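# Coordinate inspection notes
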Amino acid sequence: MSKVKKVAISLSKKNVFLRKIIRSIYNFLKKIQYKVITVGLKVDDKTIIFACFNGKSYSCSPKAIYNYMLSDEKYKEFKYIWAFRKPEEYKELEDNENTIVVKIHSKQYKKYLAKAKYWIFNYKIPDYIYPKKNQVFVQCWHGTPLKRLGCDLEHFDNILNTMKGIKKRYKIEASKFSYFISPSKFASEKFISAWNLKEIGKENIIIEEGYPRNDFLFNYTKQDEENIKKRLGIENDKRKIILYAPTYRSDQHQTGVGYTYKEELDFTELQNKMGDKYIILFRPHYFIANSFDFDKYKGFVYNVSGIDDINELYIISDILITDYSSVFFDFANLKRPIIFYMYDLEHYRDKSNGFYIDLNELPGKIVKTQQEVENEILSINKEFKYDNKYKKFNDKYNYLDDGNASKRVIAKIIDRRRYHND
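Per-chain numbering applies: the sequence of each chain, read as written, is numbered from 1 onward. Whole-chain, interface and lining totals are the exception, using all residues; otherwise, since this is a predicted model, local features are given only for residues with pLDDT of at least 70 and side-chain atom pairs are given and counted only at 80 or more. Processing note: side-chain calculations cover all non-hydrogen atoms of the structure and skip hydrogens and water entirely.

The next subject is the side chain of D215. Note on placement: D215 falls in the loop between β7 (206-208) and α7 (216-219). As used in this structure description, the phrase polar contact means that two N or O atoms lie within 3.5 Å; if the pair is within protein, one of them must be able to donate a hydrogen and the other to accept it, and residues adjacent in sequence are counted only when both atoms belong to side chains. A polar contact is formed between the side chain of D215 and the side chain of S406, at a distance of 2.7 Å. We call two residues in contact when some of their heavy atoms are within 4.5 Å. Other than its neighbours up to four places away in sequence, D215 contacts G403, N404, A405 and S406. Starting at the N terminus, helices and strands are each numbered in turn, a helix being any DSSP run of H or I of at least four residues and a strand any DSSP run of E of at least two.

This is the structure we're talking about:
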């Protein structure tokens, strides 16, 4: 990173007004650069570009849609572009002759972005990039929202962004959407309000057909389980598996470090008490940048932050422990036990993002202390049942997930005539 850029970032973090000026100048210059790079490039109706979490992984609904299209002869003439931050790690995708892997935000990427008829992303793209009128931007997003988003925020304590600024950026993003994928009526309502789609006349862009990302949870095989266990080096381990996936805290940010994780679970205590019966797969939110001493808990706590597709972790896990992350919505499709470790519930609810749903609906017990976590794990081991409360949760939030969402979604995106006749 250049010295000028470092200074600009440092100053912008200290002054809200200066941050606005720097962002405006940056977006203006980037917009001009994008137009120069892509001038004269025509849109190809048979080219489709994918990216997940700004190029961080090969996962989520874009991955599911891509794999479905590869399996259907109807789309054999399409050219598929995948954009990654580290494209060299995904070159095996090019074993498919119709697939090209590029570095995200590179000149090559921008050219393909200008040529692709369809954009399949699951995150907010840069403010300076807009699709052409004859391009189709499909916003997959990356989960059913528990926490309030965008224009629905009532309070927000992220030191890098004001609430007003967040809402403005969501509105800019909403103007670009052609379609927005939703897994349920509940999610549709929240996406419409969070991006203020009704105000701009776009409430009808929602494709409410289930989450393509969850198709795998209905279609995976025993071999898939064995493959991921072997990859983690636990294929011969007979202990039960706990997936621990906490979210980041928007107010826990350190300049020069990023979002941090404050260790609220005492892994030493857990290892001493139940290390003979359980292992923990620890997956912090992708925003979190601080280090964790996994060597200290070797053989008990496994670092799974490098596993792109969290679905692979779901299918081998016996229990999920999370807090405010949306992972529990997806995991609930497996009808397995979930523990909600919300040690800072009052602060998170009242001072941070806030929630869309009544926490009494959650398909698992809320605990706030280390001892309660331990007690709940032991209780689940003895008496877990998929009860009426859990079923009611799935009936409300996951009723469209059935292993075929990708097929339904892509039919509505590609076969435009069918969509408008529905």
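And the narrative resumes.
Turning our attention to the packing of helix α3 (residues 60-71) against helix α15 (residues 405-414). Where helices are involved, their axes are fitted lines through C-alpha atoms of the stretch in contact, as for all axes, and angles between N-to-C directions lie from 0 to 180°. Direction vectors running N to C along α3 and α15 enclose 80 degrees, while the axes themselves pass 9 Å from each other. Considering the angle they form, α3 stands roughly perpendicular to α15. Residues A64, I65, Y68 and M69 of α3 form the contact with α15, whose own contacting residues are S406, K407, V409, I410 and I414. Polar here means any residue outside two lists: the nonpolar Ala, Val, Leu, Ile, Met, Phe, Trp, Tyr, Cys and Pro, and the charged Asp, Glu, Lys and Arg; Gly therefore counts as polar. For the contact of α3 with α15, the per-class residue count stands at seven nonpolar, one polar and one charged. For classification purposes, an angle smaller than 35 degrees is called roughly parallel, one larger than 145 roughly antiparallel, one from 65 to 115 roughly perpendicular, and anything else oblique.

Across a sheet, strands are paired by hydrogen bonds formed along the backbone, either parallel or antiparallel in direction. Two strands qualify as a pair provided that DSSP identifies no fewer than 2 bridges between them. One open sheet holds the six strands; their spatial order is β12-β11-β8-β13-β14-β15, and the pairing between them is parallel. Because the sheet does not close on itself, it has two edges, and the strands there are β12 (301-303) and β15 (365-367). Averaged over all neighbouring strand pairs, the angle between strand axes comes to 25 degrees, with direction disregarded. Strands in contact with helix α13 (residues 370-383) are β8 (240-245), β11 (278-282), β13 (319-322), β14 (338-341) and β15; relative to β14, the strand with the most contacts, it is inclined by about 175 degrees.

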